[in-house]
Amino acid sequence: MVEITPHGLPGVYTDGRTIYTVNLVPGQSVYGEKLEPHLDIQYRAWNPKRSKLAAFILKGCKTFPFKEDSTVLYLGAATGTTASHISDLVSSGTVYCVEISPPPFRKLVALCETRPNMIPIMADAHSPETYEHLVDTVDIVYMDIAQRHQADIFLKNLRLLKNGGTAYLMVKARSIDVSKDPRVVYDSVKKELREAGLKVLESSELDPFEKDHMAVVSISNRQS
């Protein structure tokens, strides 16, 4: 039997190589991940090549406000891979999952039917005013969307973030400008966030798990 111990971040566990979350729905494997029993608890392996948040954790993430009762707005939830692990972390909280594409949204809905703390919302993240009536103000905004104007979409959705809340942006450099060096793009995005009044708490490139991606964590300067 594999020995699984706390990783150091709330709700995250490790066997020394792989990280895990406690499975909110025992017996359910969401994307083919391994289920590992240990001391009467079932853990789900969290694949950093399938989840940028897992990659960020393995790259040394320090800002991790996910609590059992946290509320999260997830922009670009796709089929729910990472959102399902967040669902594990916020077991008595809520994950609002925004996705615009019908094929992944159908799979997302099916997943949400098995996880009562996940709420699917089919909407365009460019227009938070179209779904803000469905979402309470949240503790955490998490965005993973492959669009040219990623930072602008991100900033628009911070209207739904509580004072003191934390915001994660998974920057996809090649979606913003394929002709520029990714690090130039990262610097540009962080500058845009700061100019909008955010304080960047930390950032990390996600190589080798995700090429040309960076995780950026921020809060509002007025909130700090």
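Below: a short report on this structure. (Residues numbered from 1 in each chain as written. Predicted model: local features only at pLDDT ≥ 70, side-chain atom pairs only at ≥ 80, totals over all residues. Heavy atoms only, no water.)

1. Notes on the overall build of the protein
For the record, the criterion: A run of DSSP states H or I qualifies as a helix once it reaches four residues; a run of E qualifies as a strand once it reaches two. Both are numbered from the N-terminal end. Each radius of gyration is computed over the set of C-alpha atoms, and the globule rule expresses the reference value as 2.2 Å times the number of residues to the power 0.38. Throughout, a residue-residue contact means that at least one pair of heavy atoms, one from each residue, lies within 4.5 Å. Calculation of accessible area relied on Shrake-Rupley with a 1.4 Å probe; when residues are assessed, cover is drawn exclusively from the protein chains displayed. The convention is simple: Lys and Arg are positive, Asp and Glu are negative, and His and the chain ends are not counted. Charge positions are represented by NZ for Lys, CZ for Arg, CG for Asp and CD for Glu.
Regarding its fold elements, the protein presents 6 helices and 12 strands. Taken over the C-alpha trace, the protein has a radius of gyration of 17 Å; the compact-globule value for 224 residues is 17 Å, and the two agree within 12%. Each principal axis of the C-alpha distribution contributes one length, and for the protein these read about 50 × 35 × 35 Å. By sequence separation, contacts in the protein at least 24 residues apart represent 56% of the contacts at least 6 residues apart. Accessible area for the protein stands at about 10300 Å²; split by element, carbon and sulfur atoms hold 49% of it. Side chains of the protein give 26 positive and 27 negative charges; the mean places of these two sets differ by 4 Å.

2. Describing the pattern of salt bridges
Our working definition: Any carboxyl oxygen of Asp or Glu that lies within 4 Å of a side-chain nitrogen of Lys or Arg is treated as forming a salt bridge with it.
A complete count under the given rule lists 13 salt bridges for this structure. Close ionic contact of Lys-180 with Asp-177 constitutes a salt bridge, the shortest N to O distance being 4.0 Å. In the salt-bridge network here, residues are joined through shared partners; they are Glu-33, Arg-44, Asp-88 and Arg-115.

3. Regarding the state of the cysteines
Applicable threshold: Disulfides are defined in this document as cysteine sulfur pairs within 2.5 Å.
Counted according to the given criterion, the structure contains 0 disulfides. As a non-bridged cysteine, Cys-97 has Cys-112 as the owner of its nearest cysteine sulfur, 4.8 Å distant.

4. A few points about the nonpolar core
As a reminder of what qualifies: As used here, the term nonpolar core means buried Ala, Val, Leu, Ile, Met, Phe, Trp, Tyr and Cys residues forming a set that is joined through side-chain atoms within 4.5 Å. In this scheme, a residue with accessible area under 20% of its type's maximum is buried, one over 50% is exposed, and one in between is partly exposed, where area comes from a 1.4 Å probe on protein chains only.
Of all hydrophobic cores here, the largest spans 34 residues; its most connected members are Trp-46, Leu-53, Phe-56, Phe-64, Phe-66 and Tyr-168. Broken down by secondary-structure element, the contributors of at least two residues to this core are helix H1 (52-58), strand E6 (71-75), helix H2 (81-89), strand E7 (94-99), helix H3 (102-112), strand E9 (138-143), strand E10 (161-172) and strand E12 (213-220). The leading source of residues in this core is H1, at 5 residues. What Trp-46 contacts, discounting residues up to four positions off in sequence, is Val-12, Thr-18, Ile-19, Tyr-20, Thr-21, Tyr-31, Ser-51, Leu-53, Ala-54, Ile-57, His-85 and Leu-89. Counting residues in each nonpolar core, the second largest holds 32 residues, with Leu-73, Val-98, Ile-121 and Phe-154 among its members.

5. Structural notes on the layout of surface pockets
Applicable threshold: Site definitions follow a grid-based scheme: protein atoms alone, a 1 Å grid, a 1.4 Å probe that fits but cannot get out for cavities, and for pockets an open set with protein on both sides within 12 Å along at least five of seven lines, plus lining residues having an atom within 4 Å of a point. Grid points are joined across faces, edges and corners, and a volume is the space filled by probe spheres set on the points. Residues are grouped as follows: Ala, Val, Leu, Ile, Met, Phe, Trp, Tyr, Cys and Pro are nonpolar; Asp, Glu, Lys and Arg are charged; every other residue, Gly included, is polar.
Estimated volume of the largest pocket: approximately 410 Å³. In terms of lining residues, the largest pocket is bounded by 24 residues, among which Gly-76, Ala-77, Ala-78, Glu-99 and Asp-144 are the most central. The set of elements that each furnish at least two residues to the lining of the largest pocket consists of H2 and E7. Each residue belonging to the lining of the largest pocket can be placed in one class, and the counts come to 10 nonpolar, 8 polar and 6 charged. Here the second largest pocket is characterised by a volume of approximately 220 Å³. What lines the second largest pocket is a set of 13 residues, among which Arg-148, Ile-176, Ser-188, Val-189 and Glu-192 lie closest to the centre.

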